Amino acid sequence: MEIPENVKKELKDGVCVACCDNIVICMSEDLPTNPNADTDLEVDREGGEIIIRHIIKDNPDNPLYLEYPADRKFVENVSKANGSVKIFFVDQKFNEKSTFIVKLNKEDLRLLRREIGLGP
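Here the structure is a predicted model, which means the values were calculated and not measured. (Residues numbered from 1 in each chain as written. Predicted model: local features only at pLDDT ≥ 70, side-chain atom pairs only at ≥ 80, totals over all residues. Heavy atoms only, no water.)

Colleague: Any chance you could explain the packing of aromatic side chains here in plain terms?
Modeller: The description of an aromatic ring pair uses the distance of the two centres, along with the angle that the planes make with each other. Scanning all chains against the criterion turns up one aromatic pair. Ring geometry for Tyr68 versus Phe74: centroids 5.7 Å apart, planes at 80 degrees, classification edge-to-face. Accessibility expressed as a relative area gives 5% for Phe74, which makes it buried. The lysine or arginine in question, Lys8, covers the ring of Phe94, its NZ or CZ lying 5.3 Å from the ring centre. (Phe/Tyr/Trp six-rings, centres within 6.5 Å; stacked < 30°, edge-to-face > 60°. Buried < 20%, exposed > 50% of the residue type's maximum accessible area, 1.4 Å probe, protein only. Lys NZ or Arg CZ within 6 Å of the ring centre and 35° of its normal.)

The following block contains the structure:
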């Protein structure tokens, strides 16, 4: 995947950035060990934006937490993609190390849309 320059500037170790439709890019060496792991969703509000947190339950003793700010356009794109968020994990040289797809259910999508002000 070609990472836009503005996203590269925001990325650093342990940081995730929403970009490019329904895609999130995370710079991390901590990768999901199970591509079919269950996930949970948490949403917080910080100032004028929302923070999305995916909890990937690949290891019951040590789940993987990913969080990133999201805007209205990102939430609309995730809705159009049937609740699918594609997460790319990259190293410090922006080489792709892993991919994980989070599939949000209808309740999760409603929560995101409500929090960002898009309605149900």
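Colleague: Would you explain the side chain of Ser98 in this entry?
Modeller: Its location among the elements puts Ser98 in strand S7 (residues 96–103). A relative accessible area of 18% means that Ser98 is categorised as buried. Here Ser98 is in contact with Leu31, Pro32, Ile87, Phe88 and Phe89, once residues within four sequence places are set aside. (Helix = DSSP H or I, 4+ residues; strand = E, 2+ residues; numbered from the N terminus. Contact = heavy atoms within 4.5 Å.)

Colleague: What exactly am I supposed to notice about the pattern of salt bridges here?
Modeller: Think of it this way: side chains of opposite charge can pair up when their charged atoms draw near. Applying the stated criterion to the full structure yields seven salt bridges. The structure contains a network of salt bridges with shared partners spanning Glu42, Asp44, Arg53 and Glu67. (Salt bridge = Lys/Arg side-chain N within 4 Å of Asp/Glu carboxyl O.)

Colleague: When you look at helix H2 (residues 72–80) in this model, what are you seeing that I'm missing?
Modeller: For H2, the complete set of buried residues consists of Phe74, Val75, Asn77 and Val78. With its buried residues spanning 160 degrees around the axis, H2 presents them on a single face. When the buried face of H2 is taken as reference, the exposed residues oriented beyond 90 degrees from it are Lys73 and Lys80. Downstream of H2 by one or two residues, Asn82 has phi in the positive range, about 55 degrees. (Arc of directions from axis to C-beta.)

Colleague: What is the right way to read the sheet that holds strand S2 (residues 23–27) from this model?
Modeller: Sheet architecture is open: four strands sit in the order S1-S2-S6-S7, paired in mixed fashion. Whereas interior strands pair on both sides, the edge strands pair on one side only; in this sheet they are strand S1 (16–19) and S7. Averaged over all pairs of adjacent strands, the angle between their axes in this sheet comes to 20 degrees, without regard to strand direction. With five bridges connecting them, S2 and strand S6 (residues 84–90) associate as parallel partners. By the bridge assignment for S6, Cys26 is matched with Phe89. (Pairing = 2+ DSSP bridges. Axes fitted to C-alpha atoms, helices over the stretch in contact; angles between N-to-C directions.)

None of this, on its own, says anything about what the molecule does.
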